[in-house]
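So the chains spell out like this:
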Amino acid sequence: MRRLGQASPHRVGSMRLSTVILPIHRWSEGQKIWRRAEDLGFHAAYTYDHLSWRSFRDEPWFGAVPTLTAAATATERLRLGTLVTSPNFRHPVTLAKEIVSLDDVSGGRLTLGIGAGGTGFDATAMGQEPWSPKERADRFGEFLPLLDELLREDATTREGTYYSAVEARNIPGCVQRPRVPFYVAATGPRGLRLAAEHGQGWVTYGDPKGPADVPVAQAPAVIAAQIAKLTAACEARGRDAAELEKVLLQGSTAEQPLASLDAFVDWAGTYRELGITELVIHWPVPGSIFENDLAVFEKIATEGLAQLG
């Protein structure tokens, strides 16, 4: 049983390589990919927690929690997680129950990536109007602390403007104590404060205002500035920013680190110098924005970090 703050199994200061496997495959095929991710030695395999997503909206898309549950039974060592869950269509009380269950099924291999959500399909699928940036931040500011409490305590009662719990039970609690690790996706001041207060890791994908439009040469400076703000938020909380894993999700910038092994090594080296401790690359999806050569991808998985020295 692992406690928050322990170095293993994800050690601060040592760069790790993980992957995102989109929940687009019927399980007869999907299980082969998750097992292959473990065989390739990835630290973790995450999936998107959406009801549908961008160009995949009218194509197969399965639920994150059932997919991760199935992946937990198909693997033994691979860490699993969401990247990321949000309040767009979830409530802390029901989500906590699913997290406790999934952490149990996985034997304590779950990491919860979590963020404030956005304005995509999830934002209106349940009939609500899209929330303004302020309301998303307000809701996340209630959602995350309540979820934290629900996962730490056997019983929780809390009344909020958006989210409440009344004698909500979560027994026996998480396998990982006092709860599963939170990787908080944040770039704004309020989100970074939440990461500093509740996170065991922090997630970024680049410039949230338009990451694909940032020139390649400027992309590392964007991440460096975000890390500086995260560090300041941690200092304001009296916390050492080195305690947090710093996770970079590939695929939202003009950078092309999966084009070749050399391209990956250059990319990974740049971000290791900035302080990123975990890189997450997308499993190739033919005919999509994540189309890449699978042989090159697997070579990166097995040889990429070793070449950093």
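It should be noted that the structure appears before, not after, this text.
Keep in mind it's a predicted model, so treat the numbers as computed, not measured. (Residues numbered from 1 in each chain as written. Predicted model: local features only at pLDDT ≥ 70, side-chain atom pairs only at ≥ 80, totals over all residues. Heavy atoms only, no water.)

Draft legend 1. Just the sheet that holds strand S1 (residues 16-20), in detail. The strand order around the closed barrel formed by eight strands is S1-S2-S3-S4-S7-S8-S9-S10, and the pairing between neighbours is parallel. Between one strand and the next, the sheet's axes are offset by a mean angle of 25°, whatever the strand orientation. Across three bridges, the pairing between strand S7 (residues 182-185) and strand S8 (residues 201-204) is parallel. The residue of S8 that forms the bridge with Tyr183 is Gly201. Docked against the sheet, helix H1 (residues 27-39) engages S1, strand S2 (44-47) and strand S3 (79-85), running at close to 150° with respect to S2. (Pairing = 2+ DSSP bridges. Helix = DSSP H or I, 4+ residues; strand = E, 2+ residues; numbered from the N terminus. Axes fitted to C-alpha atoms, helices over the stretch in contact; angles between N-to-C directions. Contact = heavy atoms within 4.5 Å.)

Draft legend 2. Spatial organisation of the packing of aromatic side chains. Taken as a whole and judged by the stated rule, the model has eleven aromatic pairs. Relative to Trp283, the ring of Phe42 lies with its centre 6.4 Å away and its plane at 55°, an arrangement referred to as tilted. With Phe42 in the loop between H1 and S2 and Trp283 in the loop between strand S10 (278-282) and helix H8 (294-303), this pair connects stretches of sequence that are 241 residues apart. Look at Phe42 and you get buried, because its relative accessible area is 6%. Their ring planes at 65° and their centres at 5.2 Å tell us that Tyr48 and Trp53 sit as a pair that is edge-to-face. (Phe/Tyr/Trp six-rings, centres within 6.5 Å; stacked < 30°, edge-to-face > 60°. Buried < 20%, exposed > 50% of the residue type's maximum accessible area, 1.4 Å probe, protein only.)

Draft legend 3. Structural context of the side chain of Glu245. With respect to the secondary-structure elements, Glu245 resides in strand S9 (residues 245-249). The buried charged residue Glu245 lacks any salt bridge, with Arg16 as its nearest oppositely charged partner at 5.3 Å. At a separation of 2.5 Å, a polar atom in the side chain of Glu245 contacts the side chain of Thr277. (Lys, Arg positive; Asp, Glu negative; His and termini not counted. Salt bridge = Lys/Arg side-chain N within 4 Å of Asp/Glu carboxyl O. Polar contact = N/O pair within 3.5 Å; in protein donor to acceptor, adjacent residues only side chain to side chain.)

Draft legend 4. Focus on the nonpolar core. Phe42, Leu147 and Leu279 are the most contacted members of the largest nonpolar core, which totals 67 residues. In terms of residue count, helix H4 (residues 133-152) provides more of this core than any other element does, seven residues in total. Leaving out residues up to four positions away in the same chain, Phe42 has contacts with Leu17, Ser18, Thr19, Ala37, Leu78, Ile281, Trp283, Phe297 and Ala301. In terms of nonpolar packing, the next biggest core, distinct from the first, is built from 18 residues, Tyr46, Val280, Val285 and Phe290 among them. (Core = buried A, V, L, I, M, F, W, Y, C linked by side-chain atoms within 4.5 Å.)

Draft legend 5. Examining the environment of Ala254 more closely. Locating Ala254 in the fold gives a position in the loop between S9 and helix H7 (261-274). A relative accessible area of 33% means that Ala254 is categorised as partly exposed. Sequence spacing of Ala254 and Ile276 is 22 residues, and the spatial spacing of their C-alpha atoms is 18 Å. Leave out the neighbours within four places in its chain, and Ala254 touches Pro211, Ala212, Val214 and Val216.

Worth remembering: the numbers are spatial, not functional.
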